[in-house]
Amino acid sequence: MKSAVETLNPTRVRLTVEVPFEELKDSLDAAYKKINQQVTVKGFRKGKIPARIIDQRFGRGAVLEEAVNDALPKFYTEAVNGAELDVLGQPEVDITELKDGETLNFTAEVDIRPVLELPEDFSSIEVEVDAVEVSDEDIEKSVEQLRERFASTSPVERAAEDGDVVTVDLEAKVDGEVLEDGVADGVSYTIGSGELLEGIDDAVKGLEAGGEATFTSELKGGSAAGQQAEVTVKVTQVAARELPELDDEFAQLASEFDTLEELKADSRKRLANMKQYDQATQAQERVLEKLLELVEVPVPEKLLADEINTRKHNLEHHQLDQMGLNLEKYLELQGKTVEEFETETREAAVKGIKTQFVLDELVKREKLNVNQEELTEHLMRRAASSGMSPDQFAQAVVEGGQVPLLVGEVARGKALAVVVESATVKDTNGEVIDLDDEEEDTEEAAEATTEDADESAESAEDKSEA
C-alpha cells in the first residue's frame, strides 16, 4: 500500500491511498464467507457455496463492495499512522478507482489537530488580580449571615411586615382555570427573600392571619412555566423573626468557639482562604487569556460546529429544562438578542477548543502525567460539585467511558499551572503574588478553569469521531 498526504489547510488534509489488489485477499475471503452465511443456493449446503457460483448468482460487484467496506478502515488507519496524523472525527472517503484484480485507490479528507508553536517560556506573561483583603465589614456580614441562620420565629397577632415569616396557602389560575399543580398549602415564606413568586411580597404585606389577596405573576415552574397566572394567597399565620444577641453565648450556640471574638477571628481566616482561592482562580483565567493571545490556533470548522451544537443542546435540554425555561424566555430574562447569544456561544466555543489544543500541546511538551492520587482527588471534587457520592460519580464515569476526559482535565490543569508558575502575577496593590505558597488551591483552580472547556470541547470531539 502507498499513501501520500496533501495539506488542504492547517486543520485539514487529504490522504491519497493506492492499494494493490492482492492486499484485498483477506477481505475478499471474508466477503465470500459472509455472503455464504446469508444466502441459499439450491444444490449447495449453507456456507459451502463456491465463490464462482456466488459471482454468477449475485455478481462479483456485490462481493467487491463487501470486501472494500471491510478493508477501507484498516487501510485508512494504516495511512493515518504512517503519516503520524492526529486526526479529529471521521474522514470523507471517496473511492477514485477500483479495478478487479488490479488496484483499489481512494482519497480520505479529514480534520487534524493543528501544529502549534508555543513560546519557549512564559515569563513575558504578566497579569493583575484582586488583592486578598478582608475588611471588618466582611466579618460583620459573615457573622450576620450566621446569626440569620439561628433566628427563631414566634407567631404574632398583627399585620405582616418585611422580614416576617408567613405561612400561606396558594392557588394559581391560568385563563380562569385552576392548574392541577397550581395549589399549595402551608408554604412558609420570609417576606422580602424573593424565593417565591414575583409580587407576593406586596400582596401579603399588611395582611393578618386569615387575610387573603390576589395578584398576577409569571410562573417559574410547573406545567404552566413562563405563563402569567392569577394567584390567590391566603395568610394562615404571621410570625416575627428574632435574631440572637451577638455575644459569647451566641458563639457557643453557633460554633465550636467559646467567645464571639474567636468566632470572628475564624470568620476572618475562612474569608481570607476563600479570597485566596478566588485570587488563584482569577490568576488562572487571566493567564490563560494571555496564553491564548500568544499562540496562533486554527480551529477546524466541523469541530467548531459540533462544539456550538453541544453547548446549545446542554443549555436547552439540561440547564433550562431544570429551570422550567425555554431558550426564548431565557434570552428575554438575560436581556439578549438571538444574534448576541449566537455570537457569545461561538466565541465561547472557539475559546474552549483553543484552550484544549494549547494545553494538550503543553502537556505533551512538558511530558506531564496524571497519577492515581491526582485523578482520585479530582474525581472527588467533581463528585462533590455534581451532588453525587464519589462512588456514584466514579461508577457513572466508568460506565460512560469518561475516564480519559477526567485525566485530560487534570493534565490540562497541571499544564496551566506550569504557565502560571512562569508568569508574573500582581495584585491591585502592586504586590507580586507567589502562588507557589498556595499550590493546592492553584492546582484546583487550574482544573476548574479548564474544566468547562474540556467537557464541552471533548464532547464535541467525541461526537465528531462517532
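Further up the page is the structure itself.
Residues numbered from 1 in each chain as written. Predicted model: local features only at pLDDT ≥ 70, side-chain atom pairs only at ≥ 80, totals over all residues. Heavy atoms only, no water.

**Q** Could you clarify how one ought to interpret the packing of helix α7 (residues 260-294) against helix α10 (residues 338-366) in this entry?
**A** Working note: a packed helix pair is described by the angle between its axes plus the distance between those axes. Remark: α7 packs on α10, axes separated minimally by 11 Å, with the N-to-C direction vectors making an angle of 80°. In this view, α7 runs roughly perpendicular relative to α10, as classed from their interaxial angle. Residues Leu-288, Glu-289, Leu-291 and Leu-292 of α7 touch α10, and the partners they reach there are Lys-351, Lys-354, Thr-355, Val-358 and Leu-359. The residue inventory of the contact of α7 with α10, partitioned by class, reads five nonpolar, one polar and three charged. (Axes fitted to C-alpha atoms, helices over the stretch in contact; angles between N-to-C directions. Helix = DSSP H or I, 4+ residues; strand = E, 2+ residues; numbered from the N terminus. Parallel < 35°, antiparallel > 145°, perpendicular 65-115°, else oblique. Contact = heavy atoms within 4.5 Å. Nonpolar A, V, L, I, M, F, W, Y, C, P; charged D, E, K, R; others polar.)

**Q** Any chance you could explain the sheet that holds strand β2 (residues 12-20) here in plain terms?
**A** Pairing between the strands of a sheet comes from backbone hydrogen bonds, and it takes one of two forms, parallel or antiparallel. Strand order in the open sheet formed by four strands is β1-β2-β4-β3, with antiparallel pairing between adjacent strands. One side of each edge strand has no neighbouring strand; the edge strands of this open sheet are β1 (2-9) and β3 (87-99). For this sheet the average axis-to-axis angle between neighbouring strands, irrespective of direction, equals 20°. Taken together, the nine bridges between β3 and strand β4 (residues 103-112) define a ladder with antiparallel strand orientation. Bridge pairing in β4 links Glu-97 to Asn-105. (Pairing = 2+ DSSP bridges.)

**Q** When you look at the nonpolar core in this model, what are you seeing that I'm missing?
**A** Most often, soluble globular proteins have nonpolar side chains that are buried together. Ile-125, Val-287, Leu-291 and Val-358 are the most contacted members of the largest nonpolar core, which totals 36 residues. If you list the elements that add at least two residues to this core, you get β5 (126-129), α7, α8 (301-323), α10 and α13 (403-422). Looking at which element gives the most residues to this core, the answer is α10, with seven residues. Setting aside chain neighbours within four positions, we find Ile-125 in contact with Val-287, Lys-290, Leu-291, Leu-294, Val-419, Ala-423 and Thr-424. (Core = buried A, V, L, I, M, F, W, Y, C linked by side-chain atoms within 4.5 Å. Buried < 20%, exposed > 50% of the residue type's maximum accessible area, 1.4 Å probe, protein only.)

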